[in-house]
Amino acid sequence: MGGAGEFKVSVRKTEVVAAVLPLQEHWLPMSNLDLLLPPVDVGLFFCYKKPINGRGSDTWTFASMVSALKKGMAQALVSYYAFAGEVVENSVGEPEILCNNRGIDFIEAFADVELRELNLYNPDVSIEGKLVPKRKHSTLSVQATELKCGGLVVGCTFDHRVADAYSTNRFLVSWAEAAQSKPISLLPSFRRSLFIPRRPGNYHPSIDGMYVPLSDLQPPAPVSPDSDHLISRIYYITADQLNLLQSSTVGEGSEKTRRTKLESFSAFLWKMIAESTDDDKKVCKMGIVVDGRTRLSDAEDDEDKVKMISAYFGNVLSIPFSGKRRDELMDKPLSWVADALHNCLQSAVTKEHFLGLIDWVEARRPATAVAKIYSNESDDGPACVVSSGQRFPVSKVDFGWGKPAFGSYHFPWGGSSAYVMPMPSPKGNGDWVVYMHLLKGQLEMIEARAGDVFRPLTFDYIC
């Protein structure tokens, strides 16, 4: 589990990269679904081995790689202009995007560490504050860091209120295409009229249990210096283990439905987290992020609308969750836990749910609301959110000198609940790479009890 954590990063240059073409300044309002996101930043990073020069006409140096990154960014921002703007408050205190081509903050740096020495298992010491930049003014910040071995790490941080992972993944692919002077294949749509509230509004009462106005939340309890705290780790899970977990969710008798890999993994994790507490009466909660784009289009919609929803840039998310007592989760088989999670998801995978969520927000504006599971009350049992990163386009973020050896989201999100994102392995063999932001005690217990499933990510795995 080794690897270098203690290394220095020196900033060589900081500049602003704006869209290559002038843009007419305008305001882009947040949709009602954007307004459900608190002001949190999301990080991600890609690790590249030293380019192999001598093939073709390209000779890649750090300077030429940075030049390609900037050129591609300036081109991509023409289409993805929201990332070149700023988030400001309007007259009623709600965030809006000022699309003024302010540009993104671009940092060039050097780290006195080799790629094989990076402790990817522990991003708290190797990535946080070193290779993923802090976002200050722009909605997107980028850092290109040259490594001692000639490798490169490209780290990004974006404002979650502006975009979800789906939107950002499309931007990353477009940026890589532009860097290679290819036409952008995934053009975004910013049409907020796709998500306007209905008149009159209507929503199911269950949404009141999923989201809560910030004013209704209790202030966080004081944290003792020696109390358990959230930390980040990265693991990999083999395809064989994933198949085994999925097979374990097949019920007995007539109920022989096999759940998805995500449901099976989340159910297993739910049981593990429940085991980490010793109070049988505590209610342990598990939520799964649902992308609403495919839910908001149906057979009645014309082809253009379906394409616009698919290309929509912003947030189209809901986080349904279920709570079960610790003793129940421990006593029941994995198939029962997976079924409970599946049944919970059914309430949020419909068009009506997302239309109702839009109406729910409208009825409370300009009051700010947030997913209830994001801010777990101090006297509650443990809570966790799983967000599928299976669309994370690791193999497609090639800026011209080759595919990344590794890539991951990095999201110590600031909430009091745990956060987990499983992503495809760069090996392309069905394995998963799993970013986990859990309490230290929970991770120690998971490693002790399920070390055959959650294996610490090392350079030996990705090389």
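Our subject is the structure listed above.
Attention here is on the structure that accompanies the text. Because the structure is a prediction, the values reported are computed rather than measured.

### Focus on the packing of helix α6 (residues 261-275) against helix α9 (residues 334-346)
1) Next: Two elements in contact, α6 and α9, have axes whose closest approach is 9 Å; the angle formed by their N-to-C orientations is 115°. Relative to α9, the crossing made by α6 is right-handed. Within the contact between the two elements, α6 uses E263, S264, S266, A267, F268, W270 and K271 and α9 uses L334, V337, A338, L341, H342 and L345.
2) Next: Residue composition of the contact of α6 with α9, by class: eight nonpolar, three polar and two charged.

### Here we look at the pairing of strand β11 (residues 283-288)
The side chains of a regular strand alternate between both faces of the sheet.
1) Next: β11 sits mainly inside the fold: five of its six residues count as buried.
2) Next: Pairing between β11 and strand β14 (residues 321-325): five bridges, direction antiparallel. The residue bridging C284 from the neighbouring strand is K324, located in β14.
3) Next: As judged from the four bridges shared by β11 and strand β16 (residues 383-386), these two strands associate in the parallel manner. Looking across to β16, one finds that K285 is bridged to A383.

### Quick notes on the pattern of salt bridges
1) Next: Scanning the model with the defined rule gives 27 salt bridges in all.
2) Next: Close ionic contact of D164 with R293 constitutes a salt bridge, the shortest N to O distance being 3.0 Å. Placement of D164 in the loop between β8 (152-159) and α3 (165-179) and of R293 in the loop between β12 (290-291) and α7 (303-310) is noted, with a sequence separation of 129 residues between them. In this structure, D164 and R293 share a single accessibility class: buried.
3) Next: For the salt bridge of E362 with R199, the shortest nitrogen-to-oxygen distance reads 3.7 Å. You can see E362 sitting in helix α10 (residues 351-364) and its partner R199 sitting in the loop between α3 and α4 (207-210), a full 163 residues away along the chain.
4) Next: A residue is classified by how much of its surface remains accessible, and R199, at 65% relative accessible area, is exposed.

Rules used in this analysis
Residues numbered from 1 in each chain as written. Predicted model: local features only at pLDDT ≥ 70, side-chain atom pairs only at ≥ 80, totals over all residues. Heavy atoms only, no water. Axes fitted to C-alpha atoms, helices over the stretch in contact; angles between N-to-C directions. Helix = DSSP H or I, 4+ residues; strand = E, 2+ residues; numbered from the N terminus. Left-handed = near helix turned anticlockwise from the far one by under 90°. Contact = heavy atoms within 4.5 Å. Nonpolar A, V, L, I, M, F, W, Y, C, P; charged D, E, K, R; others polar. Buried < 20%, exposed > 50% of the residue type's maximum accessible area, 1.4 Å probe, protein only. Pairing = 2+ DSSP bridges. Salt bridge = Lys/Arg side-chain N within 4 Å of Asp/Glu carboxyl O.

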